Structure formats: structure tokens, C-alpha cells
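Reading the structure
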Amino acid sequence: MHELIEGRWSARGYDPAATISVANLTTIVDAGRWAPTWGRMQPVRFVVGRRGDATFDALTGVLTRGNSGWAPRAAALVLVCTTDRPDDPKEHTYAAVDVGLAVSQMILQAEALGFNGHPMAGFDAAAATAAFDIPADKRPLVLLGIGALVEDTASLPEDIRDRDERPRTRLTLDEVAFAGRWGRPAFTAPDA
Ligand SMILES: Cc1cc2nc3c(=O)[nH]c(=O)nc-3n(C[C@H](O)[C@H](O)[C@H](O)COP(=O)(O)O)c2cc1C
């Protein structure tokens, strides 16, 4: 597996003093812009906050409790929005797929630049919509934290350190990848 994929994880122990340059943040958002979209519809939009600016402060204000302890330590927060068309099930479905692809590319680009990307659903979408005048045909779906990991994890608040130290697990390959018929493993995987 590519090292960027293997090395990626959703960290919380960000260095609250670390910053990200405008050039690096531009590259990360641009990586999202270049993600594939259904029918090249390009439904995804980004609201970009860099620590210290008003957009960042407004984004920290919409975090839910589970994220408000660690996510403000990020160097940037990017609200990723997509088309909201429940009346058009196909467009609605693929607009959500498109946002996932954009976020995934942004996370890998962040990783390549030495930053960690952590996607969040835990924010108040209505408050974000009001704060940024998001139009009625768009909805914010993911808030992406982009941060630099602290060098000394002993310096982290205990709750953040504990969560970061939890083992990362996945279903095994034979539980998720099938061939022939549903449930029959596609691979004889040595491990997960
Ligand atoms: C759509 C989505 C929403 C998520 N929302 C949150 C969140 O609100 N807070 C949080 O700490 N992590 C959130 N996560 C991160 C997941 O918890 C994490 O990806 C998962 O536990 C796997 O861990 P890993 O990314 O380190 O492999 C979210 C991930 C996704 C894809």
C-alpha cells in the first residue's frame, strides 16, 4: 500500500502553536478541487479557515462538544459542502460521493505535506450554514481539520492522548471483499 495511505490516521493531538502556510493550504484545497465528480458536475465547495482568521474562529464555534476540545488545535479547518438536492436522488447521492472523494484527496495531500487531516461530521451544520450564508442548494457535510502533530505526546491533555493511543482496527479483508457471491472472500488475506 502507498505510504500516504498506510501512514494516514485521524489524529487529535495537534500542536496548537503550529501553522500552515497559505501555499500548503491552497495545495490541499486544490487537491480536493481536482477530485473526480459524477458527470463532472463539480458540486463541492470549500469554506477555508486558517488559525488566526475570522473564518477559522467561526468554524471553531460550530464544533460539537466531542470535537471542540481538540479540533481548535488544528492549523486549518475546511468546511466541505456539496449540492443538496433531495428532489433529485441521483444528483443528491453522487454529490455526497463527490464530497467524500474530495475529502480523501485533501487528506492524502495534507499527509504528503506533513500535515494530518481529520474529517468531522460533529459540527452544527445549521449554524455553519447561517454563519457563512451557505445557499439553500448546498449543505456542509464534512469539516476537515488539518494539523501538525505535537512532537512530545506527553505534553498533550490526557483525554486527547488517550484517544490518539487507542488501537486502530478494521474489519478483515475477507469480511468486506467478496467474489463469486456475497460473503465469499475475494482474497485469502494473511491479515487485516
Ligand atoms: C464522515 C466522517 C465523519 C467523521 N466525524 C468525526 C468526528 O466528528 N469526530 C472525530 O473525532 N472523528 C470523526 N471521524 C473520524 C473517524 O472516527 C475515523 O476516521 C475512524 O475512527 C477511523 O480512524 P482512522 O481515520 O484513524 O483510520 C469521521 C470520519 C468520517 C469519514
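Nothing here was measured: the structure is a model prediction, and the numbers come from that model. (Residues numbered from 1 in each chain as written. Predicted model: local features only at pLDDT ≥ 70, side-chain atom pairs only at ≥ 80, totals over all residues. Heavy atoms only, no water.)

**Considerations on the domain arrangement of the protein**
- Taken domain by domain, the protein holds domain 1 (3-156) and domain 2 (158-192).
- If you average the C-alpha positions of domain 1 and of domain 2, the two centres end up 25 Å apart.
- Buried surface at the junction of domain 1 and domain 2, summed over both partners, amounts to about 860 Å²; 46% is from carbon and sulfur atoms.
- Looking at the side of domain 1 facing domain 2, the largest losses of area belong to Trp9, Arg12 and Leu156, adding up to 59% of the total buried there.
- Run the count over domain 1 and domain 2 and you get 0 salt bridges.
- Scanning the region where domain 1 abuts domain 2 turns up 7 residue pairs in polar contact (both at pLDDT 80 or more).
- Grouping the amino acids of the side of domain 1 that touches domain 2 by side-chain chemistry returns 5 nonpolar, 5 polar and 3 charged. (Domains from an automatic or database assignment. Buried area = accessible area lost by both parts, 1.4 Å probe. Salt bridge = Lys/Arg side-chain N within 4 Å of Asp/Glu carboxyl O. Polar contact = N/O pair within 3.5 Å; in protein donor to acceptor, adjacent residues only side chain to side chain. Nonpolar A, V, L, I, M, F, W, Y, C, P; charged D, E, K, R; others polar.)

**Section: the UniProt feature "domain: Nitroreductase" (unreviewed entry) in the protein**
- The positions that UniProt labels "domain: Nitroreductase" (unreviewed entry) are, in the present scheme, residues 5-51 and 65-147.
- End C-alpha to end C-alpha, residues 5-51 measures 26 Å, and it is 32% helix and 13% strand.
- Between the end C-alpha atoms of residues 65-147 there is a gap of 19 Å, over a span that is 42% helix and 28% strand. (UniProt positions renumbered as here; feature names shortened; annotations may be inferred. Helix = DSSP H or I, 4+ residues; strand = E, 2+ residues; numbered from the N terminus.)

**Digging into the sheet that holds strand β3 (residues 116-120)**
- The strand order across the open sheet built from 4 strands is β1-β2-β4-β3, with neighbouring strands paired in antiparallel fashion. Every other strand in the sheet has two partners, leaving β1 (45-50) and β3 as the edge strands with one partner each. Here the average twist between neighbouring strands, direction ignored, is 25°.
- Two elements, strand β2 (residues 76-83) and strand β4 (residues 138-147), share 8 bridges in a ladder whose sense is antiparallel. When the sheet's bridge partners are listed, Val78 is paired in β4 with Leu144.
- Seen against the sheet, helix α2 (residues 22-33) touches β1, β2 and β4 and runs at an angle of roughly 160° to β1. (Pairing = 2+ DSSP bridges. Axes fitted to C-alpha atoms, helices over the stretch in contact; angles between N-to-C directions. Contact = heavy atoms within 4.5 Å.)

**Side note on the site of the ligand**
- The full set close to the ligand counts 13 residues, and Ser10, His118, Ala121, Arg168 and Arg170 are the nearest of them.
- With respect to the ligand, the side chain of Ser10 contributes an N or O atom lying 2.5 Å from an oxygen atom.
- Here Arg168 contributes a side-chain N or O atom positioned 2.6 Å from an oxygen atom of the ligand.
- Expressed as a share of its isolated accessible area of 620 Å², the protein-covered part of the ligand is 60%.
- The dominant element in the shell around the ligand, judged by the number of residues it contributes, is β3, at 3 residues.
- Residues that form the shell around the ligand fall into these classes: 5 nonpolar, 4 polar and 4 charged. (Near = heavy atom within 4 Å. Areas by Shrake-Rupley, 256 points an atom, 1.4 Å probe, with all protein chains shown as cover.)

**A look at the side chain of Thr82**
- Position of Thr82 among the secondary structure elements: in strand β2.
- At a separation of 2.8 Å, a polar atom in the side chain of Thr82 contacts the main-chain carbonyl oxygen of Ala95.
- The contact partners of Thr82, leaving out residues within four places of it in the chain, are Pro43, Val44, Ala95, Ala96, Val99, Asp137, Lys138, Arg139 and Leu141.

**Thoughts on the environment of Pro157**
- As for its position among the elements, Pro157 is in the loop between β4 and α7 (158-165).
- Classification of Pro157 as partly exposed rests on a relative accessible area of 34%.
- C-alpha separation for the pair Pro157 and Gly13, spaced 144 residues apart in sequence, amounts to 8.5 Å. (Buried < 20%, exposed > 50% of the residue type's maximum accessible area, 1.4 Å probe, protein only.)

**Digging into the pattern of salt bridges**
- The full count for this structure, using the stated rule, is 4 salt bridges.
- Its salt-bridge partner being Arg139, residue Asp84 comes within 3.7 Å of it at the nearest N-O pair. Placement of Asp84 in the loop between β2 and α5 (89-112) and of Arg139 in strand β4 is noted, with a sequence separation of 55 residues between them.
- Asp84 gets classed as partly exposed once you look at its relative accessible area, which sits at 23%.
- What makes Arg139 partly exposed here is its relative accessible area of 23%.
- As a salt-bridge pair, Glu91 and Arg85 come within 3.5 Å of each other at their nearest N and O atoms.

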